Amino acid sequence: MGTINDRKRKDGSIGYTAQIRLMREGKTYTESKTFDRRQAAAAWLAKREKELADPGTFEAARVEDPPLADVIRQYVKEDKKGVGRTKAQVLATIAASDLATMPCSAIKSPDYVQFAKSLNVAPQTVGNYMSHLASVVRIARPAWGYPLVEKEFDDALVVANRLGLVSRSQQRDRRPTIAEMDRIMAYYTEMEERERAEIPMREVIVFALFSTRRQEEITLITVEDYDGDRVLVRDMKHPGQKKGNDTWCDLPEPARRIIEKVKPAKGRIFPYNHKSIGASFTRACAFLGIEDLHFHDLRHEGTSRLFEMGLNIPHAAAVTGHRSWASLKRYTHLRHSGDRWEGWAWLDRLAPPATSA
């Protein structure tokens, strides 16, 4: 016997989810679909129950045409490369949506478009959702034989683009000024003098700026990963490989000076939570009235610095870890010539250069 439940959508409208749950010979089959009107849900329920009563239909439906939510869960379970934290959260949200209650064969282009509309978030975020959903759609049929039709999804993307529902993420070009960095460093110096600093943020910030490393990468570096003029970056961010992407990257001299000052005998050099680092930087900027500056902008600044110093693409990529020109070209809109951080007092204060005997 099927059921119909009212579900309030994000836009305030009411959806009516018709659900069928059958058990035969110890095997359970669940199927559901959401409608705008209760009458339509009831009509579908009656029609589908009659179809499933025909010999062989139940077995075929259970094995070959699962709801999208089951396919998403299978994708996450079987992805040997590992699904990143952000992607896992996005897929979990999709799996809990009305769209995911539908069997694969029933999902058409308008259903994907309606899902995009229902998210009620910025077009850039909708684009991220659709990108992660595409990973599931494009593997479902060739990997498991499920009838998810790629063309229906591709048609939906065309419509979503035309309607402005999706767009690419906006690229940031925010770079800190030397004056801003001086204020931030003075703020953390005062925090340390008052013994209110749990993380050596000055050293972390300077290392991030000159090494171009992301905050999570910084916290994973161990003494064993440090090899003088290079460092092994663990699980470097890469769109096609979330884990196990360990990469040796060149380490500029200012970053080496920081490591030489703070490195322990063994283990992680910066053994702190990367989220705490980002949160501390955000609080400092807010306190100082420095607007729209993120910790990740230090990587942008460090990368732009390399090009302004005259490094070519291969040499800059050897430091940053970028694998393509397309990823690096945004850093070549140069604003200065030479190393504007040369002689920066805070670097010498924290890690004086080695003097020859």
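Residues numbered from 1 in each chain as written. Predicted model: local features only at pLDDT ≥ 70, side-chain atom pairs only at ≥ 80, totals over all residues. Heavy atoms only, no water.

Asker: Any chance you could break down the overall build of the protein for me, citing the residues and the numbers?
Answerer: Each helix and strand counted, the protein has 16 helices and five strands in total. Relative to its length of 357 residues, the protein is extended, with a C-alpha radius of gyration of 27 Å against a globular reference of 21 Å. Once the C-alpha set of the protein is aligned to its principal axes, its extents read approximately 90 × 40 × 40 Å. Looking at the 357 residues of the protein, the share that counts as buried comes to 44%. When contacts within the protein are restricted to residue pairs at least 6 apart in sequence, long-range pairs at least 24 apart make up 64% of them. In the structure as shown, the protein presents an accessible area of about 19,100 Å², 50% of it carried by carbon and sulfur atoms. Averaging the locations of the 57 positively and 48 negatively charged side chains of the protein gives two centres separated by 3 Å. (Helix = DSSP H or I, 4+ residues; strand = E, 2+ residues; numbered from the N terminus. Rg over C-alpha atoms; globule rule 2.2 N^0.38 Å. Buried < 20%, exposed > 50% of the residue type's maximum accessible area, 1.4 Å probe, protein only. Contact = heavy atoms within 4.5 Å. Areas by Shrake-Rupley, 256 points an atom, 1.4 Å probe, with all protein chains shown as cover. Lys, Arg positive; Asp, Glu negative; His and termini not counted. Charge placed at Lys NZ, Arg CZ, Asp CG, Glu CD.)

Asker: Which residues make up the packing of aromatic side chains, and what values do they have?
Answerer: According to the stated counting rule, one finds eight aromatic pairs in the structure shown. Between Y187 and Y188, the aromatic rings sit 5.1 Å apart at their centres with planes inclined by 80 degrees, giving edge-to-face as the arrangement. Y188 shares its class with Y187; the two are buried. Between Y187 and F287 the ring centres are 5.5 Å apart and the planes differ by 45 degrees, which places this aromatic pair in the tilted class. Highlighted residues: Y187 in helix α8 (residues 178–193) and F287 in helix α12 (residues 274–288), separated in sequence by 100 residues. (Phe/Tyr/Trp six-rings, centres within 6.5 Å; stacked < 30°, edge-to-face > 60°.)

Asker: Outline the environment of S337, listing residues and values.
Answerer: Position of S337 relative to the elements: it lies in the loop between α15 (325–328) and α16 (345–350). S337 sits 29 residues away from E308 along the chain, and the two C-alpha atoms are 5.2 Å apart.

Asker: Just give me the short version of unusual backbone geometry, but keep the residues and values in it.
Answerer: Generally, phi is negative for residues other than glycine and the peptide bonds are trans, each holding for most cases. Despite not being glycine, T212 has its phi angle at roughly 65 degrees, a positive value. Residue position: T212 is located in the loop between α9 (201–211) and α10 (215–220). We note that D292 has phi near 55 degrees; this positive angle belongs to a residue other than glycine. If you trace the backbone, D292 turns up in the loop between α12 and α13 (297–308).

Asker: Tell me about the pattern of salt bridges, and name the residues and values.
Answerer: A complete count under the given rule lists 22 salt bridges for this structure. Taking the shortest distance from any N to any O, the salt bridge between R234 and D246 comes out at 3.3 Å. In this pair, R234 sits in the loop between β4 (230–233) and β5 (247–250) while D246 sits in the loop between β4 and β5, placing the two residues twelve residues apart along the sequence. Given the relative accessible area of 35%, D246 is considered partly exposed. One salt-bridge network, in which partners are shared between bridges, spans R175, E301, E308 and R340. (Salt bridge = Lys/Arg side-chain N within 4 Å of Asp/Glu carboxyl O.)

Asker: Account for the packing of α8 against α9, with residues named and values stated.
Answerer: It is at 9 Å that the axes of α8 and α9 come closest, and there the two elements cross at 155 degrees. On the basis of the axis angle, α8 is roughly antiparallel to α9. Counting all contacts with α8, which are made through M181, I184, M185, Y188, T189 and E192, the residues of α9 involved are M201, R202, E203, I205 and V206. Along the lines of polarity and charge, the residues of the contact of α8 with α9 split into seven nonpolar, one polar and three charged. (Axes fitted to C-alpha atoms, helices over the stretch in contact; angles between N-to-C directions. Parallel < 35°, antiparallel > 145°, perpendicular 65-115°, else oblique. Nonpolar A, V, L, I, M, F, W, Y, C, P; charged D, E, K, R; others polar.)

Asker: Residue-level account of the packing of helix α5 (residues 109–118) against helix α7 (residues 150–162), with values.
Answerer: Each packed pair of helices is defined by two parameters, the angle between the axes and the distance between the axes. Running from amino to carboxyl end, α5 crosses α7 at an angle of 45 degrees, the nearest separation of the two axes being 8 Å. Of the possible angle classes, the one that applies to α5 and α7 is oblique. Here the hand of the crossing between α5 and α7 comes out right-handed. For the pair formed by α5 and α7, the contact residues are S109, Y112 and V113 on the first element and E152, F153, D155, A156 and V159 on the second. (Left-handed = near helix turned anticlockwise from the far one by under 90°.)

Interpretation in functional terms is not warranted from these geometric data alone.
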